[in-house]
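An overview of the molecular structure
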Amino acid sequence: MTAPLRVLVTGAAGQIGYSIVIRIADGTVFGKEQPVELVLLDVPQCTAILEGVVFELQDCALPTLYSVVAVTDEKSAFTGVDYAFLVGAMPRREGMERKDLLAANVKIFKSQGKALAEYAKPTTKVIVVGNPANTNAFIAAKYAAGKIPAKNFSAMTRLDHNRALAQLALKTGTTIGDVKNVIIWGNHSSTQFPDVTHATVKKNGSESDAYSAVGDNDFLQGAFIATVQKRGGVIIEKRKLSSAMSAAKAACDHIHDWHFGTKAGEFVSMAVPSDGSYGIPQGLVFSFPVTIDAASREWKIVQGLNFDDFAKGKIAATTKELEEERDDALKACDD
Ligand code: NDP
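Since this is a predicted model, take the numbers as computed values, not measurements. (Residues numbered from 1 in each chain as written. Predicted model: local features only at pLDDT ≥ 70, side-chain atom pairs only at ≥ 80, totals over all residues. Heavy atoms only, no water.)

Considering the sheet that holds strand 11 (residues 206-209)
- In space, the three strands of this open sheet follow the order 7-10-11, with antiparallel pairing throughout. With one partner strand each, in any of the chains shown, strand 7 (179-180) and strand 11 form the two edges of the open sheet.
- In this structure, strand 7 lies alongside strand 10 (residues 200-203), joined through two bridges in antiparallel fashion. Its bridge partner lying in strand 10, Lys180 is registered against Thr200. (Pairing = 2+ DSSP bridges. Helix = DSSP H or I, 4+ residues; strand = E, 2+ residues; numbered from the N terminus.)

So, in structure tokens, the structure goes:
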């Protein structure tokens, strides 16, 4: 039998957790031939809920689910993990300032970074979903340094990427398979820059760039960007609950592509520690277009893309926000 992969989901008693675990357990993420040891972590107050999730997973009778355990301590959670989905994070409570939220999350991700360093495999790969995701990933990587390389830490912007693909397909009357190479630059926040400058659309057998396919620059630089940026809020307004199903699916897409590689000629958006590409400060966890090599499972930032002044302005704004978040987070680490 293929050795099982040990996969951790934190915040597993939550909304996204409930949608994510089935995809990991049923082979959607790592393949139908790959057994998975699933570890579910949440806070002790959620023990009964976690137990319910474990029971449901057992009842799914999944051939790929080698084992599933629920835990509430970091040592049991992080020991020997190959992949970690860090979903659990402090939610924003009424009256809470952005800084209070950041400080609360810095504490969680500092502790989890240390736990990763101490207990996880040095090859472990991490996706942070819990917000503020980019900065939480930055903090976790900082405290795992020396044991786990920073390049193994990432934050999720794949949901924004998927939203951009879907909006482009809807606008051009095509389907998802016809649209590729949209980019989300920067932070998973309202300053993100959904960019279609390098995207292509296949229609009636021929491929063209997104600007020609849409034929409406005002839309692409206005309503399109706003729709992608504000989609999460609109879903909360309509569903009275956040977009957990699509967030879980996107996190699974992110790890699936990290594990299996991206398709030839295609790139995806991932927030990863900057190597200085495109002038983004080194180490900032910033969403870039990346390709992933299936054999090495290493991502590479797509190079050589050009920016017009509009794009430069958008990228500067999201970089500034991330630098401020990083500085506040570093201050909170010392407090
Ligand atoms: P969700 O499962 O809905 O969300 C979890 C995190 O994902 C939040 O930080 C949320 O950010 C973020 N997120 C990112 N993208 C999206 C998206 N598109 N839609 C919704 N959320 C998104 O939260 P729940 O409150 O249902 O569950 C969180 C769980 O985490 C709880 O069970 C809690 O006990 C647990 N937790 C665990 C910790 C741990 O294991 N140490 C620490 C803290 C909490 P946002 O808040 O901006 O919506």
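So that's the structure; there's more coming.
Comments concerning the nonpolar core
- By size, the foremost hydrophobic cluster in this structure holds 75 residues, and its most contacted members are Val9, Ile20, Ile24, Leu38, Leu40, Phe85 and Leu168.
- Looking at this core, the element that brings in the most residues is helix 10 (residues 244-260), giving eight residues. (Core = buried A, V, L, I, M, F, W, Y, C linked by side-chain atoms within 4.5 Å. Buried < 20%, exposed > 50% of the residue type's maximum accessible area, 1.4 Å probe, protein only.)

Considerations on the site of the ligand
- With respect to spatial proximity, 22 residues lie near the ligand, and among them Gln15, Ile16, Asp42, Asn131 and Ser243 are the closest.
- At 2.8 Å, a backbone N or O of Gln15 approaches an oxygen atom of the ligand.
- The separation between an oxygen atom of the ligand and a polar main-chain atom of Ile16 is 2.9 Å.
- When the free accessible area of the ligand is taken as 900 Å², the share hidden by the protein chains comes to 76%.
- Sorting the residues of the shell around the ligand by element identifies helix 1 (15-25) and helix 4 (98-119) as the ones contributing at least two each. (Near = heavy atom within 4 Å. Polar contact = N/O pair within 3.5 Å; in protein donor to acceptor, adjacent residues only side chain to side chain. Areas by Shrake-Rupley, 256 points an atom, 1.4 Å probe, with all protein chains shown as cover.)

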